[in-house]
Protein chains: 4
Amino acid sequence: MSHSPEDHAARIALGDALFRYVEGRPFDLDPGSLDPNELAFAAYRLIPRVLRGQSGIDTGITFFGHELSSPLAVGAYAGDRILAETGIGPVADACQAMGLPLFVSEECVTPLREIVARHNRVWLQLRAAGPQSRAVDLIAQAARHGASGIVLTVLAPTHPRPGLQPGGFSIGREIAERGWSTIGSPTGIAPLPSFPAWSWVDAEAVAATARQLGLPVILKGILAPEDGERALQGVADAIMVSNIGGRQFGRWAAPVNQLSAIRERCGRAAPILIDGGIRNGGDVVIARALGADVAVMVRPVVLALAAGGSAAVRSLLAKVMDETAAVASWLGAATLDEIDSEQITRLPV
Amino acid sequence: MSHSPEDHAARIALGDALFRYVEGRPFDLDPGSLDPNELAFAAYRLIPRVLRGQSGIDTGITFFGHELSSPLAVGAYAGDRILAETGIGPVADACQAMGLPLFVSEECVTPLREIVARHNRVWLQLRAAGPQSRAVDLIAQAARHGASGIVLTVLAPTHPRPGLQPGGFSIGREIAERGWSTIGSPTGIAPLPSFPAWSWVDAEAVAATARQLGLPVILKGILAPEDGERALQGVADAIMVSNIGGRQFGRWAAPVNQLSAIRERCGRAAPILIDGGIRNGGDVVIARALGADVAVMVRPVVLALAAGGSAAVRSLLAKVMDETAAVASWLGAATLDEIDSEQITRLPV
Amino acid sequence: MSHSPEDHAARIALGDALFRYVEGRPFDLDPGSLDPNELAFAAYRLIPRVLRGQSGIDTGITFFGHELSSPLAVGAYAGDRILAETGIGPVADACQAMGLPLFVSEECVTPLREIVARHNRVWLQLRAAGPQSRAVDLIAQAARHGASGIVLTVLAPTHPRPGLQPGGFSIGREIAERGWSTIGSPTGIAPLPSFPAWSWVDAEAVAATARQLGLPVILKGILAPEDGERALQGVADAIMVSNIGGRQFGRWAAPVNQLSAIRERCGRAAPILIDGGIRNGGDVVIARALGADVAVMVRPVVLALAAGGSAAVRSLLAKVMDETAAVASWLGAATLDEIDSEQITRLPV
Amino acid sequence: MSHSPEDHAARIALGDALFRYVEGRPFDLDPGSLDPNELAFAAYRLIPRVLRGQSGIDTGITFFGHELSSPLAVGAYAGDRILAETGIGPVADACQAMGLPLFVSEECVTPLREIVARHNRVWLQLRAAGPQSRAVDLIAQAARHGASGIVLTVLAPTHPRPGLQPGGFSIGREIAERGWSTIGSPTGIAPLPSFPAWSWVDAEAVAATARQLGLPVILKGILAPEDGERALQGVADAIMVSNIGGRQFGRWAAPVNQLSAIRERCGRAAPILIDGGIRNGGDVVIARALGADVAVMVRPVVLALAAGGSAAVRSLLAKVMDETAAVASWLGAATLDEIDSEQITRLPV
């Protein structure tokens with residue numbers, strides 16, 4: 001994470017333990033190291049071409065039938081009411097105001113019903129693990145409350161050991177100690193077994209349930225091109241390229257570096273989202289230029305909420321959207337789809 | 001920027017807010033990062049060859065009919081009287097004394113007439129945005145006052161949002177609050193719309209006006225080889241490879257890394273200038289070896305003026321010219337055009 | 001080494017001189033540099049593939065007839081009772097409890113008999129230098145006490161000069177001053193001549209003695225593929241790719257970077273161990289993916305023992321085994337042999 | 001330079017201004033940067049091969065008819081009596097004791113006669129600039145006093161401007177102010193014109209004079225392979241690959257990176273020396289593996305003399321020779337010429 005004044009304010013507001021939880025350094029990353037996902041984004045370079053006489057940049061896209069003014073979404077995080085007393089509500093308000101989708105973790109304390117009441121583009125994110133029936137029940141809950149879709153996260157649904165918790169902090173234990181329920185469980189965070197792990201067959205069966213209820217499905221945690229292809233052949237309506245913020249392991253391939261190969265393998269029919277390392281509008285444009293449809297931002301949102309509440313979240317999202325429009329317009333593109341692949345290069349490191 | 005004693009003196013003289021404005025860190029650069037334009041220059045290596053028996057190095061070039069003793073110019077910056085009470089006058093004096101061209105921003109507070117009275121090689125730099133008529137009026141003003149030529153800057157004529165101001169400081173607001181006029185506007189800095197953006201047709205039309213008045217035109221903000229080629233086909237007499245000092249965005253391609261490809265595409269007929277990352281005479285020689293005719297330096301000049309006034313600017317320019325001559329002579333070249341392309345290499349990073 | 005809280009505790013417990021001895025910086029490494037072996041591991045990236053529907057990851061392997069639950073071993077170090085009053089005993093206990101092999105240096109103060117009494121998979125590591133008869137005697141001792149095998153270390157059996165001792169500390173002098181014996185010598189650490197150096201013929205003869213006594217032999221200190229091949233043609237039963245922790249010289253090739261080429265040259269018949277830079281379970285999986293059978297960890301174990309005794313060693317080993325299982329399971333492999341070579345890449349640096 | 005305790009002691013002994021003079025940072029190097037010549041050496045990696053059964057490593061070579069026990073020499077530096085009251089005498093004693101050649105700058109205050117009286121392998125180093133007659137006179141002086149040979153340094157014989165003095169300190173002015181003479185001038189350091197620069201014809205004529213007096217000639221400052229080839233065709237008996245310690249310019253190609261190409265172009269008939277970045281015996285072995293015959297060390301010697309006098313110099317040289325022998329023996333070579341080119345690789349950066 002950067003060492004900006006904003007982050008400093010968030011560190012004070014959250015306290016050190018929670019700040020480190022949000023930061024989420026994995027077990028294998030030296031304390032002095034920078035976030036590998038951010039470093040991966042920092043190595044790309046763009047070439048502006050401004051005299052194309054655009055009458056204005058349209059950064060909007062259509063995402064599952066809704067018009068987004070910017071190719072941006074806010075990603076899921078656990079334990080919302082631990083991180084801010086208000087919970088995720090103000091984030092939902094900000095997303096609603098800016099017209100951006102919000103992904104909500106089953107590990108949120110705020111009831112899904114309340115979130116959906118404040119924002120009409122909320123997706124429920126479930127861990128792809130444990131009994132199929134549990135996932136099916138949660139999908140039914142999502143449909144009942146009017147969620148827009150389902151995210152199934154297939155990478156690291158559970159941490160195999162408490163000591164491996166990113167930042168050394170267990171959000172699940174904290175929720176349990178306060179006697180709170182989450183969307184996914186009446187008693188804290190549902191413990192799910194790592195094994196037997198879900199197979200493609202499991203994912204396909206559960207996803208089919210969602211679609212029967214009219215809910216599109218995004219498979220999250222894809223980093224291999226062949227997995228992306230497989231996911232879009234009957235399992236999911238879209239994929240989210242993600243290494244779960246590098247929280248489990250600092251040496252998963254960076255999502256941004258896998259994007260081109262995944263897009264090439266998957267074609268342009270289905271949406272591809274990217275999660276991990278998105279910190280500003282420059283990252284959003286780079287993600288678009290490499291083949292993503294929507295960039296998903298999480299940590300800066302959580303930190304903004306901690307440091308400045310709803311106003312800070314809104315200001316952050318507006319800033320990222322402005323940056324996206326500015327960089328894209330300087331590229332000389334009328335729409336984000338028009339960015340030429342020759343306008344992006346990658347430094348050796 | 002480097003952390004030299006000179007920079008330290010400038011930081012004290014300017015105060016922190018103005019120093020950061022000059023430094024101009026873009027929104028996407030981590031606070032601890034080095035200037036990407038400087039880093040790009042730092043990766044080149046030269047191979048000296050000294051026994052060629054030169055009777056002396058001639059670093060001079062002919063630039064639009066004038067003889068320059070060194071392939072160096074001082075670039076444009078805004079709000080001259082905010083940064084130093086004396087304004088740009090002492091810089092003009094130093095450039096006149098050293099025989100170097102000076103580019104003057106339309107955002108300067110000092111009237112163009114006064115600058116031209118102190119130096120006979122002053123170019124007026126305009127933002128290529130807004131109504132053509134406004135640009136035409138300013139070109140007429142430049143011709144009337146005896147400017148040597150026009151620079152049209154095509155990258156980032158306006159910042160889309162106050163919060164994206166480099167360093168978080170609005171020089172325009174500061175000028176307006178003091179009730180000052182600039183060359184380009186009687187009431188501060190003229191607000192120009194980003195859209196509709198100028199097209200090649202706009203640039204060509206405005207440039208034609210300049211040439212009718214006998215003023216050559218340089219198009220600034222080129223980073224794509226094809227844009228350089230297009231610019232020199234009827235729009236401009238020369239181009240300036242520039243990412244506007246990386247002030248808008250830290251991940252525009254570095255000018256020095258684009259230079260070879262641009263020169264190869266554009267041929268040797270028209271002058272190519274480079275702006276961004278020039279800090280010493282070694283950079284000037286590297287720029288020349290990669291195909292630039294003239295290296296344009298800005299920030300070190302502004303900082304020298306702040307720290308030590310006219311004498312410091314003169315000393316800085318003399319130092320850079322000496323360094324240029326020294327490095328070039330050690331290369332064994334009789335003139336800068338003789339530097340062999342095999343004498344320059346680039347490290348992996 | 002990392003700058004973790006654990007390392008900090010170890011530094012306090014050991015004192016600065018001993019901590020630096022364990023750290024073992026070679027003469028040619030700048031004080032501010034990171035450990036080159038760790039840096040080499042940090043440049044690899046893995047691609048997880050989780051939907052293969054595994055019913056559980058089996059990280060176990062068979063190693064010389066014993067089942068290991070994880071492909072991990074604890075490596076040899078000198079002067080055990082200098083570094084911790086208890087000596088290596090608690091480490092042996094921990095390895096016994098976790099089912100991991102332990103390599104024991106002939107430079108240990110604790111008698112081999114005592115160590116073997118606490119753990120039934122102890123290998124004795126000898127320096128491949130000096131008179132063959134001395135090595136033969138030690139091998140006979142190992143057989144007599146029930147050791148599981150012999151490691152012959154062929155790189156840097158002696159330091160050519162006291163001043164080149166890693167960390168500037170002579171563990172041998174310290175042992176001698178206390179009047180202690182080691183496994184290999186009744187009077188401190190046996191001084192062995194660098195020259196004449198052992199040849200393949202010497203190594204083969206000594207190894208043959210071991211095998212006659214039923215003890216398998218591992219040749220340690222291999223970095224060249226052809227040496228690995230030669231070692232497995234009649235000299236040793238396995239090889240350990242190692243640069244002796246980079247303690248002698250900071251610019252030996254990193255073991256992890258040599259692994260693929262060595263495995264390719266040596267085939268899959270004989271076990272290949274790797275030593276140097278193993279700090280966590282991610283390193284273990286990377287080593288496996290590149291062709292190693294067993295990863296050997298030393299420094300973290302010594303530091304854990306110093307900071308927290310037997311419990312800390314056990315906790316460290318459990319943590320590394322958990323990390324290994326977690327990363328491997330996220331890779332989607334049912335066994336470690338199934339990791340696809342396309343799932344591992346290496347960054348440019 | 002490294003930040004070792006030894007360097008710290010030298011900084012205290014020399015004072016800051018002189019320490020910075022020795023450090024010699026060029027005008028274009030950011031204050032925080034590491035020495036590019038050292039960094040270049042740090043990127044090489046060696047592969048040890050120890051079981052070749054050597055009976056001992058012979059690191060000796062024959063250098064112009066003398067046997068050196070190690071491929072090491074001490075290089076020239078100016079103003080010896082400014083840097084240490086004793087002047088270069090104790091360095092000459094140490095070199096004599098260790099059997100290493102010493103190169104002596106014409107800018108030394110200690111008379112050549114005195115130095116030669118203490119050591120019988122002293123070469124006089126002259127700047128290849130100014131009137132041929134001056135160089136011829138100095139060569140005659142060298143012959144008269146029994147010097148072993150002449151070094152002509154062809155890169156940067158004079159600094160074009162006082163402000164470009166490395167470290168901002170003028171050793172010449174200091175000598176003049178004390179009223180001292182140097183070997184090359186009765187009144188301080190002889191000012192030599194940069195232009196007209198010497199040509200190959202000048203160098204050849206002056207070198208011929210030296211050879212007529214029985215003095216072999218080394219041409220110093222070669223970085224281009226074709227210059228090395230040209231130098232050895234009738235001008236010089238040997239070449240010294242050098243960028244003058246990077247003191248003039250931080251972006252000259254690093255000597256170690258040019259070595260292979262120069263050796264390949266020049267063949268194996270004539271000796272090739274390397275100067276710049278040699279800090280320990282590992283560097284010496286790397287230089288040898290890349291084609292150098294002799295490695296020339298300067299700064300560590302000057303700092304050792306300042307910090308600890310003659311004993312420290314002797315200890316430093318012994319340490320480097322020991323390191324050289326150790327690394328070479330671990331490579332498995334019987335002589336340094338036997339190091340296989342496959343045993344050396346270079347990291348990407």
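A quick note: this is a predicted structure, and the numbers were derived from the prediction, not measured.

> Describe the interface of chain B and chain A, with residues and values.
Taken together, the 34 residues of chain B in the interface contact 35 residues of chain A. For the pair chain B and chain A, the two sides together bury roughly 2,800 Å², of which 67% comes from carbon and sulfur. Contact with chain A buries area across many residues of chain B, yet B:Phe195, B:Arg251 and B:Trp252 alone supply 25% of it, more than any other trio. Between B:Glu226 and A:Arg49 there is a salt bridge, and its shortest N-O distance comes to 3.7 Å. At the boundary of chain B with chain A, the tally comes to eight residue pairs in polar contact (both at pLDDT 80 or more). Counting residues per element, the ones that place at least two in the side of chain B that touches chain A are helix H9 (200-212) and helix H10 (225-231) of chain B.

> How would you explain the relation of the copies chain A and chain C if you had to name every residue and give the values?
Least-squares fitting of chain A to chain C yields an RMSD of 0.0 Å, with the transformation described by 0.0 Å of translation along the axis and a rotation of 90 degrees. Each copy turns onto its partner about a four-fold axis. By residue overlap, the copies meet through two different surfaces: only 6% of the interface positions of chain A are interface positions in chain C.

> Would you mind going over the side chain of D:Arg121 in detail, with residue names and values included?
All names here are of chain D. Of note, arginine 121 is situated in the loop between helix H6 (112-118) and strand S6 (122-127). Separated by 3.1 Å, the side chain of arginine 121 and the backbone oxygen of glutamate 67 make a polar contact. In this structure, arginine 121 is in contact with His66, Glu67, Leu68, Gly99, Pro101, Leu102 and Ser148, ignoring residues within four places of it in sequence.

> Explain the relation of the copies chain B and chain A to me, using residue names and the numbers behind them.
For the pair chain B and chain A, the superposition axis carries a translation of 0.1 Å, the fit reaches an RMSD of 0.0 Å, and the rotation angle comes to 90 degrees. Interface overlap between copies: only 6% of the residues of chain B at the interface are likewise at the interface in chain A, consistent with a contact formed by different surfaces.

> Account for the packing of aromatic side chains, naming residues and giving values.
Under the criterion given, the structure shown has 32 aromatic pairs over all chains. A centroid spacing of 5.8 Å and a plane angle of 20 degrees characterise the contact between D:Phe27 and D:Phe249, whose relative ring orientation is stacked. Of the two residues, D:Phe27 is situated in the loop between helix H2 (16-23) and helix H3 (36-42) and D:Phe249 in the loop between strand S9 (238-242) and helix H11 (255-266); the sequence distance between them amounts to 222 residues. Across this residue pair, the class does not change: D:Phe27 and D:Phe249 are buried. Within the aromatic cluster, the residues linked to one another by ring pairs are A:Phe27, A:Phe249, A:Trp252 and C:Trp330. The cationic tip of C:Arg247 hangs over the ring face of C:Tyr21; the distance from NZ or CZ to the ring centre is 4.8 Å.

> Mind laying out the UniProt feature "binding site: glyoxylate" (unreviewed entry) in chain A, listing which residues take part and the relevant values?
Residue and element names in this part refer to chain A. With numbering matched to this structure, UniProt assigns "binding site: glyoxylate" (unreviewed entry) to Tyr21, Arg161 and Arg247. Position of tyrosine 21 among the secondary structure elements: in helix H2 (residues 16-23). Excluding residues within four positions of it along the chain, tyrosine 21 makes contact with Ala78, Leu83, Pro166, Gly167, Phe169, Ile171 and Arg247. Overall, arginine 247 belongs to the buried group, its relative accessible area being 17%. Dropping the residues within four chain positions of it, arginine 247 is found in contact with Tyr21, Val22, Glu23, Gly24, Arg25, Pro26, Pro166 and Arg299. A distance of 2.9 Å separates the side chain of arginine 247 from the backbone oxygen of valine 22, its partner in a polar contact.

> Lay out the environment of A:Phe63 with the relevant residues and their values.
Residue and element names in this part refer to chain A. Residue placement: phenylalanine 63 occurs in strand S2 (residues 61-63). With 231 residues separating them along the chain, phenylalanine 63 and valine 294 place their C-alpha atoms 8.5 Å apart. Setting aside residues no more than four positions away along its own chain, phenylalanine 63 makes contact with Leu68, Pro101, Trp123, Ile218, Pro271, Leu273 and Val294.

> Describe the pattern of salt bridges, and please don't skip the residues or the numbers.
With the rule as written, the count across this model stands at 79 salt bridges over all chains. The residue B:Asp35 makes a salt bridge to B:Arg299 at a minimum N-O spacing of 3.3 Å. Remark: B:Arg299 occurs in helix H13 (residues 299-330) and B:Asp35 occurs in the loop between helix H2 (16-23) and helix H3 (36-42); sequence separation between them is 264 residues. You'll find B:Asp35 and B:Arg299 in the same group, each marked buried. Across the pair C:Arg127 and C:Glu106 runs a salt bridge, and its minimum N-O distance is 3.3 Å. Here C:Arg127 is found in strand S6 (residues 122-127), whereas its partner C:Glu106 is found in the loop between strand S5 (102-105) and helix H6 (112-118), with 21 residues between them in sequence. Accessibility assignment for this pair places C:Arg127 and C:Glu106 in one class, buried. One connected set of salt bridges, linked through shared partners, spans A:Asp35, A:Glu38, A:Arg279 and A:Arg299.

> Describe unusual backbone geometry, with residues and values.
Its identity as a non-glycine residue notwithstanding, A:Phe64 has a phi of 50 degrees, on the positive side. One can find A:Phe64 in the loop between S2 and strand S3 (66-68). Using a relative accessible area of 30% as the deciding quantity, one classes A:Phe64 as partly exposed. Positive phi, close to 55 degrees, is recorded for C:Ile244, a residue that is not glycine. On the secondary structure map, C:Ile244 appears in the loop between strand S9 (238-242) and helix H11 (255-266).

> Let's hear about the packing of helix H12 (residues 281-289) of chain A against helix H13 (residues 299-330) of chain A: which residues, and what values?
Residues and elements named next belong to chain A. Packing of H12 against H13 brings their axes to within 7 Å, and their N-to-C directions diverge by 55 degrees. The angle between H12 and H13 falls in the class oblique. Helix-helix and strand crossings are classified by hand; for H12 and H13 the assignment is right-handed. Every residue of H13 that contacts H12 at Gly281, Gly282, Val284 and Val285 is listed here: Val320, Glu323, Thr324, Val327 and Ala328. Classifying every residue of the contact of H12 with H13 gives five nonpolar, three polar and one charged.

Calculation criteria
Residues numbered from 1 in each chain as written. Chains lettered and ligands numbered in written order. Predicted model: local features only at pLDDT ≥ 70, side-chain atom pairs only at ≥ 80, totals over all residues. Heavy atoms only, no water. Contact = heavy atoms within 4.5 Å. Buried area = accessible area lost by both parts, 1.4 Å probe. Salt bridge = Lys/Arg side-chain N within 4 Å of Asp/Glu carboxyl O. Polar contact = N/O pair within 3.5 Å; in protein donor to acceptor, adjacent residues only side chain to side chain. Helix = DSSP H or I, 4+ residues; strand = E, 2+ residues; numbered from the N terminus. Least-squares fit on C-alpha atoms with pLDDT ≥ 70 in both. Phe/Tyr/Trp six-rings, centres within 6.5 Å; stacked < 30°, edge-to-face > 60°. Buried < 20%, exposed > 50% of the residue type's maximum accessible area, 1.4 Å probe, protein only. Lys NZ or Arg CZ within 6 Å of the ring centre and 35° of its normal. UniProt positions renumbered as here; feature names shortened; annotations may be inferred. Axes fitted to C-alpha atoms, helices over the stretch in contact; angles between N-to-C directions. Parallel < 35°, antiparallel > 145°, perpendicular 65-115°, else oblique. Left-handed = near helix turned anticlockwise from the far one by under 90°. Nonpolar A, V, L, I, M, F, W, Y, C, P; charged D, E, K, R; others polar.

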